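Listed here are the chains, written in short residue letters.
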Amino acid sequence: MPLAATELDISAIDAAAAYPGRAVINLAAIRHNVSSMVEKVHAHSPSTHVMAVVKADAYGHGLVEVATASLQAGATWLGTAQASEALVLRSAGITAPILTWLHAPGIDYAELISLDIDVSVATPEAAEAVAHAARTLGRVARVHLKVDTGLGRNGYTLDHLGEVISPLIAAQNAGDLEFVGIWSHFAFADEPEHPTVLAQADVFDRAIAMAEQAGAHLELRHIANSAATLTNPRMYYDLVRPGLAVYGLSPSPQIGGPAHFGLVPAMRLEAHLATVKELPKGHGVSYGHQYTTDADTKVGIVPLGYADGIPRHASGTTATGGLGAPVRVGEQHLRIAGRVCMDQFVVDLGTDSHAHAGDVAVLFGDENHGDPTAEDWAQACGTISYEVVTRLGERIPRVYVDHPVS
Ligand SMILES: *Cc1c(COP(=O)(O)O)cnc(C)c1O
């Protein structure tokens with residue numbers, strides 16, 4: 001007898017098993033990428049820390065899983081943009097040092113301080129707020145000063161940096177905080193020869209001197225992201241902050257792909273074909289019929305769509321001559337046919353295809369296994385691989401595996 005809805009045991013439903021797609025995350029690849037960066041950095045600078053940047057749910061790969069794997073592989077710090085992500089790490093029992101850096105007024109600094117989370121400060125108001133929270137709590141906050149050395153984003157420029165340094169030093173002298181770090185971020189690290197890279201390092205060195213002259217006891221000076229970590233040992237200072245490279249993607253595709261940098265992509269995005277069916281020549285495919293079959297053919301329905309974070313820009317249109325993003329089904333290398341919909345898209349398998357409903361369609365993964373790559377997807381969609389992996393929806397189950405990488 002069918003159960004009434006109210007009698008359904010919701011906890012017994014395995015949502016991941018019921019979902020037709022998944023992002024398979026190889027934690028061995030994460031560990032490989034982190035340990036190869038640790039090795040590279042230590043070869044030049046043995047005391048430099050490697051911080052795994054795990055913001056945005058570890059670039060879509062899973063915050064706690066990636067943080068744990070990164071620490072196992074020799075990362076000694078974790079970095080998050082949002083405070084909430086740092087809190088999740090602590091509530092998962094992770095005790096490693098954490099820095100969190102992007103806060104708006106009103107944030108509860110006391111919670112971060114009480115959990116031993118280092119905070120970044122970019123403005124005088126933030127310096128005051130951290131000091132106030134620490135004093136109220138009876139704890140000493142650990143603060144890293146953010147400097148705008150040329151990116152033109154968060155942090156003050158040298159002209160105004162004194163306005164942030166003064167309240168930090170005052171609060172340090174009052175015993176409310178330790179001014180332990182200073183940091184910045186590059187505008188062009190993906191182009192290591194770009195003149196702004198050395199110019200920013202120069203400004204950074206002057207900011208460091210300003211802070212030290214004012215009385216900071218800096219333990220951690222840091223500016224390198226993935227691209228600088230992989231290409232520019234001059235930028236190592238006391239800590240490096242790779243993000244994308246942890247996930248095995250290349251931060252500088254114009255220089256080389258993951259293999260060029262000794263990285264292994266950690267994520268494979270795949271789904272089971274929901275349907276395979278025949279369509280006649282001249283049949284429109286998907287909304288707006290922007291793709292039309294040019295022969296009698298078979299099409300496959302891939303049950304992932306823009307609600308899962310598949311960019312609508314991945315659509316393929318014969319109407320405008322645009323090629324869709326690549327998909328592999330078995331040995332067939334295909335492109336998306338027609339518009340990406342909310343939950344699904346179509347691939348044109350061709351009349352001779354032996355594909356069946358239930359076969360696996362790989363959207364992107366590791367080039368060495370014949371898969372299309374996140375970079376291929378980025379190029380097809382006019383974006384960067386960062387966005388391709390980060391925007392994947394929560395609806396897609398993450399499945400963790402541990403397959404040794406060669
Ligand atoms: C995201 C981020 C990083 C990591 O950048 P990648 O290019 O992914 O290595 C480092 N530092 C800051 C401040 C960031 O926001």
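Residue positions within a chain follow its written sequence, with the count starting from 1. At least 70 in pLDDT is required for a residue's local features to be given in this predicted model, at least 80 for side-chain atom pairs to be given and counted, and no such filter applies to totals for whole chains, interfaces and linings, which use all residues. In computing side-chain properties, one takes all heavy atoms of the structure into account and sets aside hydrogens as well as water.

S.K.: Whenever I open this one, the sheet that holds strand E18 (residues 360-364) confuses me. Can you help?
M.R.: Within a sheet, each strand pairs with its neighbour through backbone hydrogen bonds, oriented either parallel or antiparallel. When DSSP finds two or more bridges between two strands, those strands count as paired. Starting at the N terminus, helices and strands are each numbered in turn, a helix being any DSSP run of H or I of at least four residues and a strand any DSSP run of E of at least two. The nine strands are arranged E11-E14-E17-E16-E15-E18-E10-E1-E19 in an open sheet whose pairing can be described as mixed. Unpaired on one side and paired on the other, strand E11 (275-279) and strand E19 (398-401) mark the two borders of the sheet. Strand-to-strand, the axes of this sheet are offset by a mean angle of 35 degrees, without reference to chain direction. Here, axes are lines fitted to C-alpha atoms. For helices the fit covers the stretch in contact, and angles between N-to-C directions go from 0 to 180 degrees.

S.K.: What is the right way to read the domain arrangement of the chain from this model?
M.R.: It is common to give the size of an interface as the accessible area lost on bringing the parts into contact. Note that the domain bounds were set by an automatic or database domain assignment. As far as domains go, the chain holds domain 1 (27-256) and domain 2 (267-401). Averaged C-alpha coordinates put domain 1 and domain 2 at centres separated by 37 Å. A contact between two residues is defined here by any heavy atoms of the two lying within 4.5 Å. In this complex, domain 1 contributes 13 residues to the contact, which on the side of domain 2 involves 10 residues. A pairing counts as a salt bridge when a side-chain nitrogen of Lys or Arg comes within 4 Å of a carboxyl oxygen of Asp or Glu. Summed over the shared surface of domain 1 and domain 2, the result is zero salt bridges.

S.K.: For this particular structure, what's the right way to read the pairing of strand E8 (residues 220-224)?
M.R.: It is a general feature of regular strands that their side chains alternate between the two faces of the sheet. Each residue is placed in one exposure class: buried if its accessible area under a 1.4 Å probe, protein chains only, is under 20% of its type's maximum, exposed if it is over 50%, and partly exposed if it falls in between. Burial analysis of E8 places four of its five residues in the buried class, which makes it a mostly covered element. The sheet contact formed by strand E7 (residues 177-183) and E8 spans three bridges and is parallel. The residue bridging Trp-183 from the neighbouring strand is His-222, located in E8. Examined bridge by bridge, E8 and strand E9 (residues 239-240) share two bridges and lie parallel to one another. Looking across to E9, one finds that Ala-224 is bridged to Val-240.

S.K.: Is there a simple way to think about the pairing of E7 in this case?
M.R.: Summarising burial for E7: six of the seven residues are buried, a large majority. Here strand E6 (residues 141-146) runs beside E7; their pairing, made up of six bridges, is parallel. For Ala-141, the partnering residue across the bridge sits in E7 and is Leu-177. Handedness of the β-α-β unit built from E6, helix H8 (residues 158-173) and E7 comes out right-handed. Seen with its strands pointing away from the viewer, a crossover is right-handed when the path leading from the first strand over the helix to the second is clockwise.

S.K.: How should the packing of aromatic side chains be read in this particular structure?
M.R.: Given two aromatic rings, one states the distance between the centres and the angle between the planes to describe the pair. Under the pairing criterion, centres of Phe, Tyr and Trp rings, with the six-membered ring standing for Trp, must be within 6.5 Å; the plane angle then separates stacked pairs below 30 degrees from edge-to-face pairs above 60, leaving the rest tilted. Counted by the stated rule, this structure contains five aromatic pairs. On the numbers, 6.2 Å between centres and 35 degrees between planes, the contact of Tyr-59 with Tyr-386 is tilted. Taken together, the residues Tyr-59 in helix H3 (residues 55-59) and Tyr-386 in helix H12 (residues 385-390) connect sequence positions 327 residues apart. With relative accessibility at 7%, the residue Tyr-59 sits in the buried group. On the accessibility criterion, Tyr-386 (29% relative accessible area) is partly exposed. Plain terms: the ring middles of Phe-364 and Trp-377 are 6.2 Å apart, the flat faces sit at 65 degrees to each other, and that makes the pair edge-to-face. Taken together, the positions of Phe-364 in strand E18 and Trp-377 in helix H11 (residues 374-381) put the pair 13 residues apart, joining distant regions of the chain. By way of ring pairs, the aromatic residues Tyr-59, Tyr-247 and Tyr-386 are connected into one cluster. The cationic tip of Lys-146 hangs over the ring face of Trp-183; the distance from NZ or CZ to the ring centre is 4.3 Å. As a reminder, the over-ring test applies to NZ of lysine and CZ of arginine, requiring each to be within 6 Å of the ring centre and within 35 degrees of the ring normal.

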